[in-house]
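Structure assessment
Residues per chain are reported as follows:
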Amino acid sequence: MGSFIVVFITYLAGLCSFFKPWIGVGAYYLLALLGPQYIWWWLFDDLRSSYIVGICTLVGVFINRLLKNRSDFTLLFNMQNLWVAVLWGSVFISHFIGAYTAGPVDYWANQVFSVTNVIFVIYFCSTIELNKIYKLQMLFIVFIVSVVYLTYWANSQYFNQNWGGFNHGRLMGPIGNDGGSVYGDENTFAMIFVTGFPFIYYLGQLVRTLWLRVIIWAIIPFCWHAIFLTGSRGGLLGIGVTICCILYMSSKKSLIIPLLLVFFLFYQFQAGSIMESRSSAILNIEGERSAGDRLIAWKGGARMISSYPVSGVGVGKFAVALPDHIDTRNMVAHNTLIQFTAESGVFAGLAYLMIIFCFLRNSIRIRSWCTINLDNDDTSKISCYNNASMSSFVGLVICSLFLSLNTYEVFFFLILINNSLTQRCLISNKQTF
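Reference entry: report on the structure contained in this document. From a predicted model like this one, the values you see are computed outputs, not experimental measurements.

**With respect to the overall build of the protein chain**
Scanning the protein chain from terminus to terminus reveals 20 helices and 2 strands. In the protein chain, which comprises 433 residues, the share counted as buried stands at 53%. For the protein chain, the exposed area adds up to about 19,900 Å²; of that, 66% sits on carbon and sulfur atoms.

Laid out in structure tokens, this is it:
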């Protein structure tokens, strides 16, 4: 019965996507962010839900936006998306001419390349579709639902003593029957909570009923606890950065000390021995193996960039190429910028940095727009959506200095929101930023 319901919902979402592609966008990102196919893997069996919804959404966008000439290409053609296209082009080219792409077929590299292409295609099609504030609200809700349920899932592993997902005391995310999952790494799993809790915080700001606001905000400490369970130092750093970003944008500066005090006390009582022991080694770089490995990987990545600045070593080839450039075992870069640049060349690295710059510039300008358009009915929503995505993005970028998040869909999800908000403000004022 459960499998039938999943199949029915999947094909219903696909059918709706033909006529209302924005529904398909929401369904796709729900599958990408929540990952129900990993949580309830026995219900999905061999059903390729993301593939079905994605294809139907692409067809829906093509029919409803392109053939019927309903597209507003100002949503697509802007500086931020130009650099996204440069990044995609660099990745695409490096897959075929990268220094390490010759030789036997590398199934891992092909898989990374395939996933990357899907991410970019869905991003650009979603950009065309997200031209209304209610569609952005849909994405806002999709992300919150995903984070809230994964928060429940993570904490239930702790309270129910279900240690099946733990690796040496660290919680991994839900993993499918085949062992594959976007949250199979503890650090990656922590990032969904780092990037998600700002959305919960700003949802509370949108709610006017006090008791409901308190209930919503009460979820945030459980998000923090989920990060503590992963034992991710990047996640712990992300919490701190994100909280500081939220406080910086807050009009109530008096909340800074109380909120930091709450977090400090919560950390003291709930972090656990694993998180405390790992966090104490953050500053002890040379004496801690994980941090030492990162330094070695960064040095090796720098040598790859120097050796192959234009083509890179090829998509998914960093770990293969690393032992040839420095005396170490196969490892990823543990740094998103270095991973992009070493694998796909300096243009990929430049594009990644420019995307970050455009995002932050857009966010600042949206904040300015909100201060001079207080009479607009959508201003409060736009302000909260912008603040949530900005604080979330800053936390993610800081964490990406220590993690390889090249195919992490949340990054593209956030720039999608940022792009749509930017164009929404431009259209409202009939001007250019």
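**Side note on the environment of Tyr-11**
Looking at the secondary structure, you find Tyr-11 in helix α1 (residues 2–19). Beyond its immediate sequence surroundings of up to four residues, Tyr-11 is in contact with Leu-47 and Ile-52.

**A few points about the nonpolar core**
Tyr-29, Leu-139, Phe-189, Met-191, Ile-192 and Ile-415 are the most contacted members of the largest nonpolar core, which totals 104 residues. Looking at this core element by element, the count peaks at 12 residues for helix α8 (residues 133–159). Discounting chain neighbours no more than four positions away, the residues touching Phe-189 are Leu-150, Trp-153, Ala-154, Leu-171, Met-172, Gly-173, Pro-174, Tyr-183 and Thr-230. Of all hydrophobic cores here, the second largest spans 12 residues; its members include Val-313, Ile-326, Met-331 and Ala-342.

**Quick notes on the side chain of Ser-389**
Mapped onto the secondary structure, Ser-389 falls in helix α19 (residues 379–399). Here the side chain of Ser-389 touches Tyr-385 through a polar contact of 3.0 Å, landing on its backbone oxygen. Beyond its immediate chain neighbours, meaning those up to four positions away, Ser-389 contacts Phe-199, Phe-359, Leu-414, Ile-417 and Leu-421.

**Some details on unusual backbone geometry**
Of note in the backbone geometry, His-334 takes a positive phi value of approximately 55° without being a glycine. Its place among the elements puts His-334 in the loop between α16 (318–321) and α17 (336–344).

**Considering the packing of α8 against helix α9 (residues 186–206)**
It is at 9 Å that the axes of α8 and α9 come closest, and there the two elements cross at 125°. Here α9 runs oblique to α8, going by the angle between their axes. Judged by the sense of rotation from one axis to the other, the crossing of α8 with α9 is left-handed. Side by side, α8 and α9 meet where Phe-140, Phe-143, Ile-144, Val-147, Val-148, Leu-150, Thr-151, Trp-153 and Ala-154 of the first sit next to Phe-189, Ile-192, Phe-193, Thr-195, Gly-196, Phe-199, Ile-200 and Leu-203 of the second. Within the contact of α8 with α9, the residues separate by chemical class into 14 nonpolar, 3 polar and no charged.

**A look at the packing of helix α18 (residues 346–372) against α19**
Direction vectors running N to C along α18 and α19 enclose 155°, while the axes themselves pass 10 Å from each other. One element, α18, and the other, α19, form an angle in the roughly antiparallel class. The way α18 lies across α19 gives a crossing that is left-handed. Side by side, α18 and α19 meet where Ile-356, Phe-359, Leu-360, Ser-363, Ile-364, Ile-366, Arg-367, Trp-369 and Cys-370 of the first sit next to Thr-379, Ile-382, Ser-383, Asn-386, Asn-387, Ser-389, Met-390, Phe-393, Val-394 and Val-397 of the second. By residue class, the composition of the contact of α18 with α19 is 12 nonpolar, 6 polar and 1 charged.

**Concerning the pattern of salt bridges**
Counted by the stated rule, this structure contains 2 salt bridges. Notably, a salt bridge pairs Glu-129 with Lys-135, separated by 3.2 Å at the nearest N-O pair. For Glu-129, a relative accessible area of 1% puts it in the buried group. The class of Lys-135 is buried, set by a relative accessible area of 3%.

Definitions and limits used
Once a new chain begins, its residue numbering starts again from 1 and follows that chain's sequence as written. Whole-chain, interface and lining totals are the exception, using all residues; otherwise, since this is a predicted model, local features are given only for residues with pLDDT of at least 70 and side-chain atom pairs are given and counted only at 80 or more. For the side-chain quantities, the full set of heavy atoms in the structure was used; hydrogens and water were omitted. Note on conventions: DSSP H or I runs of at least 4 residues are helices, E runs of at least 2 residues are strands, and numbering of each starts at the N terminus. Each residue is assigned to one of three classes by its accessible area relative to the maximum for its type, calculated with a 1.4 Å probe on protein chains only: buried under 20%, partly exposed between the two thresholds, exposed over 50%. Here the Shrake-Rupley method, with its probe set to 1.4 Å, supplies the accessible areas, and only the displayed protein chains count as covering residues. In what follows, a contact means two residues having at least one pair of non-hydrogen atoms within 4.5 Å. Only buried residues count toward a nonpolar core. Its members are Ala, Val, Leu, Ile, Met, Phe, Trp, Tyr and Cys residues joined through side-chain atoms within 4.5 Å. Side-chain atoms alone can form a polar contact between residues adjacent in sequence; in general such a contact is a pair of N or O atoms within 3.5 Å, and within protein one must be able to donate a hydrogen while the other accepts it. Structural elements are reduced to axes, namely lines fitted to C-alpha atoms, with helices fitted over the stretch in contact, and the angle between N-to-C directions of any two is expressed from 0 to 180 degrees. Here roughly perpendicular refers to angles of 65 to 115 degrees, roughly parallel to angles under 35, roughly antiparallel to angles over 145, and oblique to all remaining angles. In a left-handed crossing the near helix is turned counterclockwise from the far helix by less than a right angle, and in a right-handed crossing that turn is clockwise. Three residue categories are used. Nonpolar comprises Ala, Val, Leu, Ile, Met, Phe, Trp, Tyr, Cys and Pro, charged comprises Asp, Glu, Lys and Arg, and polar comprises the others, including Gly. Salt bridges, as used here, are contacts in which a Lys or Arg side-chain nitrogen is within 4 Å of a carboxyl oxygen on Asp or Glu.

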